[in-house]
Amino acid sequence: MRMIAAPKGYNQYREGIPRGIIETVEYPSTTVGNSRKAMVYTPPGFSSDNTYNVLYLLHGIGGDETEWYNHGTPQVILDNLYDDGKLEPMIVVFPNGRAMPNDRAEGDLFDPDKIQAFERFESDLLDDLIPYIEENYPVWINRENRAIAGLSMGGGQSLNIGWGNLDRFAWIGAFSAAPNTCAPQVLIPNPSEITGLVRKLWLSCGDQDNLKHISNQMHAYLVQHGISHIWNEEQGGHDWPVWKNGLFQFSQLIFKI
Ligand code: FER
């Protein structure tokens, strides 16, 4: 089994290094008809004199815009990677992928309305959140400067939204993609026409994850059609070690020529 693992200490808080800032923002959503929250990480040394890439990093069915921050210490992982000189400068946006008026992770998380809200998020992201970020942060607005990745439901969203909007995204990551992932032949009906458009495609899943058939199926289709990607089947379940490794690995691959 091929396995790309983060080195020990990758998510340990380091004393005395420059740090990014993580904050909560609110943006007007025409899609949902209210004001919605997202978290935004700006990197160490962030300055509006510079222009940044943007990674949209999505949560799972049990989470909201705070899930990565509460469980994944993304700011520690990213601060350490900047300290090691491993990342292109990027802002990371943590949206709430359940695009409905009550977007908290409460009640029956599998309620069809809530599952549908994960689909509706595509419009909220493209029409509301991305424009908000691009108006309020100094960011590049080309597809090559925009990445999308996520865990589980967010991994499915990343594959669906990424492949569905190649004019907007050039980098896609899916960690333990959930059954909301569209069939690969629906997402990529004409493989010969998209050669090279996705600059890096990362797929990972734990070997103990009972949703692994979703990733297996995507991987098999990509292999069958010669679509370049990285497939990391790693030890683990449907859980944070896999997702944090996903962020650690994927963030180093993106926005590099
Ligand atoms: C399902 C099983 C798991 C499903 C979604 C999930 C939409 C999501 C899991 C997660 O986000 O952790 O059948 O259907």
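Residues numbered from 1 in each chain as written. Predicted model: local features only at pLDDT ≥ 70, side-chain atom pairs only at ≥ 80, totals over all residues. Heavy atoms only, no water.

You'll find the protein chain entered in an unreviewed UniProt entry as Enterochelin esterase, with Paenibacillus xylanivorans given as the organism.

*Asks:* Talk me through the packing of aromatic side chains; I want residue IDs and the actual numbers.
*Replies:* Scanning all chains against the criterion turns up seven aromatic pairs. Relative to Phe248, the ring of Tyr10 lies with its centre 5.2 Å away and its plane at 70 degrees, an arrangement referred to as edge-to-face. Here the residue Tyr10 occupies a position in the segment before strand S1 (21-29), and Phe248 occupies one in helix H7 (residues 240-253), the gap between them amounting to 238 residues. Residue Tyr10 is classed as buried on the basis of its relative accessible area, which comes to 14%. (Phe/Tyr/Trp six-rings, centres within 6.5 Å; stacked < 30°, edge-to-face > 60°. Helix = DSSP H or I, 4+ residues; strand = E, 2+ residues; numbered from the N terminus. Buried < 20%, exposed > 50% of the residue type's maximum accessible area, 1.4 Å probe, protein only.)

*Asks:* Outline the packing of helix H2 (residues 74-83) against H7, supporting the account with residue identities and numerical values.
*Replies:* At a minimum axis distance of 10 Å, the contact between H2 and H7 shows a crossing angle of 35 degrees. Note on packing geometry: the crossing formed by H2 with H7 is right-handed. Residues Pro74, Ile77, Leu78 and Leu81 of H2 form the contact with H7, whose participating residues are Lys244, Leu247, Phe248, Ser251 and Gln252. Taken together, the residues that form the contact of H2 with H7 break down as six nonpolar, two polar and one charged. (Axes fitted to C-alpha atoms, helices over the stretch in contact; angles between N-to-C directions. Left-handed = near helix turned anticlockwise from the far one by under 90°. Contact = heavy atoms within 4.5 Å. Nonpolar A, V, L, I, M, F, W, Y, C, P; charged D, E, K, R; others polar.)

*Asks:* Quick rundown of the pairing of strand S5 (residues 146-151)? Include the residues and the values.
*Replies:* Two faces make up the sheet, and in a regular strand the side chains alternate between them. Burial within S5 is extensive, with six of its six residues counted as buried. Both faces of S5 are covered, namely the face carrying Arg146, Ile148 and Gly150 and the face carrying Ala147, Ala149 and Leu151. Bridging between strand S3 (residues 53-58) and S5 involves five bridges; their strand directions are parallel. Looking at the pairing, Leu55 lines up with Ala147 of S5. Judged from the five bridges that link them, S5 and strand S6 (residues 171-175) form a sheet pairing that is parallel. Bridge pairing in S6 places Ala149 opposite Gly173. Note on the crossover from S5 through helix H4 (residues 153-164) to S6: the handedness is right-handed. (Pairing = 2+ DSSP bridges. Right-handed = clockwise from strand over helix to strand, strands pointing away.)

*Asks:* Could you give an account of the pattern of salt bridges, with specific residues and numbers?
*Replies:* One side chain can pair with another of opposite charge once the charged atoms of both are near each other. As enumerated under the stated definition, the model contains twelve salt bridges in all. Here Asp83 makes a salt bridge to Arg14, at a shortest N to O gap of 3.0 Å. Of this pair, Asp83 sits in helix H2 while Arg14 sits in the segment before S1, and the two are 69 residues apart along the sequence. Accessibility expressed as a relative area gives 25% for Arg14, which makes it partly exposed. Here Asp124 and Arg36 are joined by a salt bridge, their closest N and O atoms 2.9 Å apart. With Asp124 in helix H3 (residues 112-136) and Arg36 in strand S2 (residues 34-42), this pair connects stretches of sequence that are 88 residues apart. The residues Asp124 and Arg36 share a single accessibility class, namely buried. Through salt bridges with shared partners, a single ionic network connects Arg36, Asp64, Glu65, Asp103, Arg104 and Asp124. (Salt bridge = Lys/Arg side-chain N within 4 Å of Asp/Glu carboxyl O.)

*Asks:* Describe the packing of H3 against H4, listing the residues and the values that go with them.
*Replies:* Where H3 meets H4, the closest approach of the two axes is 11 Å, and the angle between their N-to-C directions is 45 degrees. Between H3 and H4, the interaxial angle falls into the category oblique. Like other packed secondary-structure pairs, H3 and H4 cross with a definite hand, here right-handed. The segment H3 lies against H4, with Ile115, Phe118, Phe121, Glu122 and Leu125 engaging Met153, Gln157 and Ile161. By residue class, the composition of the contact of H3 with H4 is six nonpolar, one polar and one charged. (Parallel < 35°, antiparallel > 145°, perpendicular 65-115°, else oblique.)

*Asks:* Outline H4, supporting the account with residue identities and numerical values.
*Replies:* Taking 1.5 Å of rise per residue, twelve residues should cover 16 Å, and H4 covers 16 Å from first to last C-alpha, within 8% of that figure. Within H4, eleven of the twelve residues are buried, which leaves the element mostly enclosed by the surrounding structure. (Expected span 1.5 Å × (residues − 1).)

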